[in-house]
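Descriptive structure summary
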Amino acid sequence: MPQSQPAISMITPDPGADEARRRGLRRMRTVAVGLLLLAACVYVATLGRDGAWGFVNAGAEASMVGAIADWFAVTALFKHPLGLPIPHTALIPRRKDELGRGLEEFVGENFLQEAVIRERVTAATISLRVGTWLGDPANARRVVDEVSDVAAIALGNVRDDHIADLVTEALVPRFREEPISPLLGTTLMEVLRDDLHHGVVDLVVEEMHRWLVDNPDTFARVLGERAPWWAPPKLNDAVVTRIHLEAVAWVEDIRDDPHHRAREALDSMLGQLAHDLLNDQETIDRAEGFKNRLLEHPQVVTTAISLWKAMRSALLGSVRDPEGAVRRRLLEELNLFAGRLRDDAALRERLDRRAADVAVFAVGRYGAELTTVITHTIERWDGKEAARRIELHVGRDLQFIRINGTIVGGLVGVVIHAISLAVS
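Structure report, in brief. (Residues numbered from 1 in each chain as written. Predicted model: local features only at pLDDT ≥ 70, side-chain atom pairs only at ≥ 80, totals over all residues. Heavy atoms only, no water.)

**As for the pattern of salt bridges**
How we decide: When a carboxyl oxygen of Asp or Glu is within 4 Å of a side-chain nitrogen of Lys or Arg, the pair counts as a salt bridge. Runs of E in the DSSP output that reach at least two residues are strands. Runs of H or I that reach at least four are helices, and both are numbered from the N terminus. For every residue, the accessible area (1.4 Å probe, protein chains only) is compared with the maximum for its type, and the residue is labelled buried under 20%, exposed over 50%, or partly exposed between those bounds.
Scanning the model with the defined rule gives 24 salt bridges in all. Between arginine 210 and glutamate 206 there is a salt bridge, with the nearest N and O atoms lying 3.7 Å from each other. With a gap of 4 residues between them, arginine 210 and glutamate 206 both fall in helix H9 (residues 197-214), about one helical turn apart. Of the residues examined, arginine 210 reaches a relative accessible area of 37% and is grouped as partly exposed. Here glutamate 288 makes a salt bridge to lysine 291, at a shortest N to O gap of 2.9 Å. Note that glutamate 288 and lysine 291 are positioned in helix H13 (residues 281-296) at a spacing of 3 residues, about one turn of the helix. Across this residue pair, the class does not change: glutamate 288 and lysine 291 are buried. One network of salt bridges, in which partners are shared, links Glu206, Glu207, Arg210, Arg255 and Asp256.

Okay, here's the thing in structure tokens:
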């Protein structure tokens with residue numbers, strides 16, 4: 001049989017508050033006992049008298065009966081009255097587990113229902129409150145500071161070996177499985193169809209022309225190193241100069257003519273490459289082989305770690321800077337979002353509906369576990385201490401039952417005495 005869990009003591013969260021409750025309980029007990037003693041004194045003083053005193057005596061007698069009956073009822077909740085093991089007394093210490101299960105069922109049936117949750121979440125107007133709260137610059141700044149601090153801690157906790165494991169164990173195997181030819185071919189076709197590559201070609205041609213114009217000596221030296229050893233220097237200089245002029249002129253033609261044959265030849269070559277990447281098996285195999293060789297190269301991991309370090313350094317610098325670009329951007333976006341929450345009723349309605357959906361989902365999925373906490377916790381309480389703690393919290397109000405019983409009992413006694421005289 002499984003071993004029962006040991007009873008645990010209930011923790012006193014606030015000794016000062018408990019002392020105040022204890023004083024209030026003692027005060028109300030004194031009032032209830034005082035009324036009982038008063039009724040007893042009146043009963044004794046009016047015993048055997050007739051007339052109006054008979055009514056007083058009957059009321060006092062009934063008051064004592066009501067006071068003692070309600071004292072018994074209240075006391076029986078927490079302990080045995082006068083220490084006598086009377087059946088169905090000391091209910092809380094003896095039946096706390098059943099009470100816990102009943103409380104669990106009560107909470108589940110009356111509070112964790114979809115209609116109740118949706119109504120309360122909608123009535124809370126969460127999105128409007130969030131928008132109003134974020135509208136305060138101090139609150140928005142606090143959110144940005146907290147998010148930035150958490151982000152800095154998270155970035156600082158990512159080590160190089162984490163990135164290496166991510167690349168080698170997750171990214172590289174995934175890239176190996178995923179064919180690259182369809183991606184490259186489709187991307188290249190879209191680039192050619194939208195003429196996105198023309199800007200890159202213009203930039204390359206412009207830079208090439210600038211380099212040729214600014215570096216004639218370097219151009220001449222490169223070609224001169226490849227000239228025949230037997231050619232006269234003057235002839236080499238003349239040929240190199242001519243080639244340089246022709247190269248500059250040719251690049252200028254390509255730069256200035258958007259329909260130059262070189263540009264059209266490049267478009268045709270790229271179009272054929274895109275077609276082959278999608279349809280030619282030899283080209284596909286070569287692309288896959290290049291991809292695999294690239295992924296197997298040890299520099300892949302080193303490069304990934306280097307890129308991560310550079311990115312992390314930049315992010316940390318901006319996140320830790322109170323006036324950095326990241327914090328400024330976050331603050332701007334929060335201010336814009338707060339303004340939309342305040343002004344856009346449709347957005348608030350959508351967000352509140354989503355919040356209700358999330359709450360309903362969470363309760364539907366985890367509500368049973370939440371309410372089970374009530375039963376499990378109460379089962380682990382010590383019965384006597386649980387009774388003392390519960391009495392400390394609600395005992396003062398329960399004393400009103402004794403007081404009301406004394407007063408109502410006295411009134412009922414007077415009425416009964418009057419009826420008995422009327423019918424006699």
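**Comments concerning unusual backbone geometry**
Even without being glycine, threonine 125 reaches a positive phi, approximately 45°. Structurally, threonine 125 is set in the loop between helix H4 (114-123) and helix H5 (126-134). Residue aspartate 195 is not a glycine yet carries a positive backbone phi of 55°. With respect to the element layout, aspartate 195 can be found in the loop between helix H8 (181-193) and H9.

**Some words on H13**
The test is simple: Helix span is expected to be 1.5 Å times the residue number reduced by one. Any two residues whose heavy atoms approach within 4.5 Å are treated as being in contact.
Look at H13: 22 Å from first C-alpha to last across 16 residues, which is about the 22 Å you get at 1.5 Å a residue. Of all the positions in H13, only Thr283, Ile284, Ala287, Glu288, Gly289, Lys291 and Leu295 are classed as buried. Contact partners of the buried residues in H13: helix H7 (160-177), H8, helix H12 (261-279) and helix H14 (299-320).

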